[in-house]
Amino acid sequence: MAEQLVNIHDLVGRCPFATSQKLLAGKWSLLIMHELSEGPVRFRELERRLHPITQATLTRALRQMEDDGLVHREVYGTIPPKVEYSLTEVGAGFKTVLASLEQWGNQYIDYMKAAGRIFIIPKFG
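Throughout what follows, the structure given in this document is the object of discussion. (Residues numbered from 1 in each chain as written. Predicted model: local features only at pLDDT ≥ 70, side-chain atom pairs only at ≥ 80, totals over all residues. Heavy atoms only, no water.)

What about the overall build of the protein chain?
Regarding its fold elements, the protein chain presents six helices and three strands. Put simply, the protein chain runs from its N terminus to its C terminus through helices and strands in the order α-α-β-α-α-β-β-α-α. The buried share among the 125 residues of the protein chain stands at 25%. A total accessible area of about 9,700 Å² is found for the protein chain, and carbon and sulfur atoms account for 57% of it. (Helix = DSSP H or I, 4+ residues; strand = E, 2+ residues; numbered from the N terminus. Buried < 20%, exposed > 50% of the residue type's maximum accessible area, 1.4 Å probe, protein only. Areas by Shrake-Rupley, 256 points an atom, 1.4 Å probe, with all protein chains shown as cover.)

Printed below as a string of structure tokens:
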């Protein structure tokens, strides 16, 4: 009997890796989670920190993450309007993953430096 192939999208909600991949598939998802991991951030500040992300891209990413239950959007009834984004309880559970990714990323950067594959360009001014 031939083995049946499974569509990766059919595994979302059943396989933890396929589910995680779907939630974090966006180009900016990890960086947004990182920026929100320290606490609430206003939209413009988030946009500034994630330069060169566009307003439309950030809006789309935040809406998707809000729909997925990772991000909370708080709108304050002030003039001008104030909107803050933060991690939900489920999203905050990702902080340990971010810490592990940071550790691994730093180890990989060190590896690349030692291999002569990363050159540090000093900033002037």
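What follows picks up the thread again.
Examining the packing of helix H2 (residues 29-36) against helix H4 (residues 55-67)
At a closest axis distance of 11 Å, the pairing of H2 and H4 adopts a crossing angle of 75 degrees. Put simply, H2 runs roughly perpendicular to H4. Here Ser29, Ile32 and Met33 of H2 lie close against H4, whose contacting residues are Leu58, Ala61, Leu62 and Met65. For the contact of H2 with H4, the per-class residue count stands at six nonpolar, one polar and no charged. (Axes fitted to C-alpha atoms, helices over the stretch in contact; angles between N-to-C directions. Parallel < 35°, antiparallel > 145°, perpendicular 65-115°, else oblique. Contact = heavy atoms within 4.5 Å. Nonpolar A, V, L, I, M, F, W, Y, C, P; charged D, E, K, R; others polar.)

Describing the packing of aromatic side chains
Within a pair of aromatic rings, the relevant descriptors are the distance that separates the centres and the angle that separates the planes. Applying the stated criterion across every chain yields a total of three aromatic pairs. When the ring of Trp104 is compared with that of Tyr108, the centres are 5.4 Å apart and the planes differ by 15 degrees; the resulting orientation is stacked. In this pair, Trp104 and Tyr108 both sit in helix H6 (residues 95-114), four residues apart, roughly one turn of the helix. The exposure class of Trp104 is exposed, given its relative accessible area of 54%. We classify Tyr108 as partly exposed; its relative accessible area is 38%. Look at Tyr108 and Tyr111: their rings are 5.5 Å apart centre to centre, the planes differ by 40 degrees, and that puts the pair in the tilted class. With Tyr108 and Tyr111 both in helix H6 and three residues apart, this pair spans about one turn of that helix. One aromatic cluster is present, built from ring pairs that chain together Trp104, Tyr108 and Tyr111. The ring of Tyr76 is capped by Lys82, whose NZ or CZ atom sits 4.9 Å from the centre of that ring. (Phe/Tyr/Trp six-rings, centres within 6.5 Å; stacked < 30°, edge-to-face > 60°. Lys NZ or Arg CZ within 6 Å of the ring centre and 35° of its normal.)

Examining H2
Each α-helix winds once per 3.6 residues, and so residues spaced three or four apart point in a common direction. Residues of H2 that are buried: Ser29, Ile32, Met33, Glu35 and Leu36. For H2, the buried positions fall inside an angular range of 165 degrees around the axis, keeping them on one side. (Arc of directions from axis to C-beta.)

Some details on the layout of surface pockets
Rolled over the atoms, a probe as big as a water molecule pinpoints where empty space is left. Taken as a whole, the largest pocket encloses approximately 280 Å³ of empty space. Lining the largest pocket are Leu30, Leu31, His34, Ser37, Glu38, Lys95, Leu98, Ala99, Leu101 and Glu102. Looking at the lining of the largest pocket, the elements with two or more residues in it are H2 and H6. Sort the elements by how many residues they give to the lining of the largest pocket and H6 lands first, with five residues. Its residues assigned to classes, the lining of the largest pocket shows five nonpolar, two polar and three charged. Approximately 160 Å³ is the volume attributed to the second largest pocket. Lining the second largest pocket are 13 residues; nearest its centre among them are Gly26, Lys27, Ser29, Ala61 and Gln64. Contributing elements (two or more residues each) for the lining of the second largest pocket: helix H1 (16-23) and H4. Element by element, the count of residues in the lining of the second largest pocket is highest for H4, at five residues. (1 Å grid on protein atoms, 1.4 Å probe; cavity = no way out; pocket = protein on both sides within 12 Å on 5 of 7 lines; lining within 4 Å. Points joined across faces, edges and corners; volume = space filled by probe spheres on them.)

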